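Structure assessment
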Amino acid sequence: MLIADAGPLNAVVLRLYREGREVPLASFQAWALEQIRSLLPFDSAWWGNAAADPPALHEVFLHNCDASILREYSPYLEEDFFRAALAASPGVAVNLSDLTTRSRYVRTALYREFGRRFKVEWSLGTLLIEPTSSLYEFLTVWRHDRMHPFSESERQSKELLMPHLVEVHRAVRLRHFLRLPGVINREWAVADARGFLHEVSPAFVARLGTLWPHWRGSGLPGPLLPAVRAGRAYLSPELRLDVVPFGQLRYLSPRADGVLAQLSPREREVATLYTTGETYSAIARTLSLAPATVRNHIARCFRKLGVNNKAELVRRLAEKE
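Presented here is an overview of the structure given in this document. Only a predicted model underlies this, so the values are computations on that prediction, with no experimental measurement involved.

1. Quick look at the packing of aromatic side chains
Taken as a whole, this structure holds 14 aromatic pairs when the rule is applied. Pairing Y274 with F302 gives two aromatic rings, centres 6.5 Å apart and planes at 55°, and the pair type is tilted. Pair noted here: Y274 is in helix α11 (residues 265-275) and F302 is in helix α13 (residues 291-305), with a separation of 28 residues, a long-range link. Accessibility classification places Y274 together with F302 in one group, the buried group. In this structure an aromatic cluster arises from ring pairing among W46, Y73, Y76, F114, F118, F138 and W142. Sitting over the face of the ring of F42, R37 holds its NZ or CZ atom 5.5 Å from the ring centroid.

2. Observations concerning unusual backbone geometry
One non-glycine residue, S134, lies in the positive phi region at around 65°. You can see S134 is positioned in the loop between β4 (122-129) and β5 (136-143).

3. What to know about the environment of V244
The topology assignment puts V244 in strand β9 (residues 240-246). A sequence separation of 11 residues divides V244 from A233, and the C-alpha atoms of the two residues are 8.3 Å apart.

4. Let's talk about the packing of α11 against α13
Put simply, α11 and α13 touch, their axes get as near as 9 Å, and they point 95° apart. Overall, the two elements α11 and α13 adopt an arrangement that is roughly perpendicular. Here R266, E267, V270, A271 and Y274 of α11 come into contact with α13, specifically with V294, H297, I298, R300, C301, F302 and K304. Residues belonging to the contact of α11 with α13 are distributed by class as follows: seven nonpolar, one polar and four charged.

5. Thoughts on the nonpolar core
Counting 57 residues, the largest nonpolar core has L16, F28, I36, L139, V141, L161 and L165 as its most contacted members. Looking at this core, the element that brings in the most residues is helix α8 (residues 152-178), giving eight residues. Ignoring sequence-local partners within four residues, the contact set of L139 consists of L33, I36, A45, W46, W47, L124, G125, T126, K158, M162 and L165. Residues A189, W215, Y234 and L239 belong to the second largest nonpolar core, which totals 17 residues.

6. Looking at the pattern of salt bridges
Tallied over the entire structure, the rule returns 15 salt bridges. Here R155 and E159 are joined by a salt bridge, their closest N and O atoms 2.7 Å apart. Here E159 and R155 lie together in helix α8, a separation of four residues that amounts to about one turn. With relative accessibility at 13%, the residue R155 sits in the buried group. With a shortest N-O distance of 4.0 Å, E167 and R170 are connected by a salt bridge.

7. Some points on the sheet that holds β4
Within a sheet, neighbouring strands are paired by backbone hydrogen bonds and run either parallel or antiparallel to one another. Ordered by their spatial adjacency, five strands build an open sheet running β2-β1-β5-β4-β3, and the pairing between neighbours is antiparallel. One side of each edge strand has no neighbouring strand; the edge strands of this open sheet are β2 (56-63) and β3 (94-95). Note: strand β1 (residues 44-51) against β2, six bridges, orientation antiparallel. Note that in β2 the partner of W47 across the bridge is F61. The strands that helix α2 (residues 25-39) touches are β1, β2 and β5; relative to β2, the one it contacts most, it runs at about 65°. Taken strand by strand, α8 contacts β1, β3, β4 and β5, and its axis lies near 45° from that of β4.

8. Brief notes about the packing of helix α1 (residues 6-18) against α8
Viewed as axis vectors pointing N to C, α1 and α8 meet at an angle of 10°, and their least axial separation amounts to 10 Å. For the element pair α1 / α8, the angle class is roughly parallel. Every residue of α8 that contacts α1 at L9, V12, V13, L16 and Y17 is listed here: S157, L160, L161, H164, L165, E167 and V168. Per-class residue counts for the contact of α1 with α8 are nine nonpolar, two polar and one charged.

Reading the values: the criteria
Residues numbered from 1 in each chain as written. Predicted model: local features only at pLDDT ≥ 70, side-chain atom pairs only at ≥ 80, totals over all residues. Heavy atoms only, no water. Phe/Tyr/Trp six-rings, centres within 6.5 Å; stacked < 30°, edge-to-face > 60°. Helix = DSSP H or I, 4+ residues; strand = E, 2+ residues; numbered from the N terminus. Buried < 20%, exposed > 50% of the residue type's maximum accessible area, 1.4 Å probe, protein only. Lys NZ or Arg CZ within 6 Å of the ring centre and 35° of its normal. Axes fitted to C-alpha atoms, helices over the stretch in contact; angles between N-to-C directions. Parallel < 35°, antiparallel > 145°, perpendicular 65-115°, else oblique. Contact = heavy atoms within 4.5 Å. Nonpolar A, V, L, I, M, F, W, Y, C, P; charged D, E, K, R; others polar. Core = buried A, V, L, I, M, F, W, Y, C linked by side-chain atoms within 4.5 Å. Salt bridge = Lys/Arg side-chain N within 4 Å of Asp/Glu carboxyl O. Pairing = 2+ DSSP bridges.

What follows is the structure, encoded as structure tokens:
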């Protein structure tokens, strides 16, 4: 890299750290790409996460390209030699012109049936491995002018910039969720809608480990996934996991109180007796209540726990996994 290039690169890095941390999460990627364009001109881009095995795109932010690109790209995912080169060299910026000649590229099905339609004439990409989720975070920028390939100096600038870009994005993401009102910050995690963890506190890991001793890896335990995907709280007798959705991300905040915490002390007594087979009259005698009061307590239990009959109530109170 030419020493003269260090000044503009340093200016972009400083803007990312000084100004980027105050940019709202929803607009950060668009803002950050505009900063990069001042150093590294490009026409369109995609920035997102991907799994390696099997290959799959997860959350993807598109800049100046139609959303249909995701659908049209899917058939070429496994045969994309540019993607394979990124995956083979995490942290290294890959320039399409270093992988193949222009004449060979335009003869590939990838170009003829995909690249030409979306004006992907030249590609410059970098891929990093997220330390928590083990997903790939990638940013590839494209030029539409076939006469204007990316230079080696631009490739090096992209390579040096990418770790800073990812780290600032991470800080903005955390800042967004930790600013939520009423959040208890000791135990928390940020996951995507598929249940992959992107950020997590040690206390969160410890809590889940007590409930699922055999749980390992970058994805949440299976029983949590339906609630996380739906963006709603998970409830069991041992755990309440509050889920705050934000696009494809979820902020997770656990509590130990579980399903029974949704009920008042009297409702817990009534529900517990009811699930053992006691009749309204028997419960009323045991607790010195009127049968109508017992019915009202049961109705409130059904409403709070989202169930419609005794069998469902029994199942909800017995849920452990």
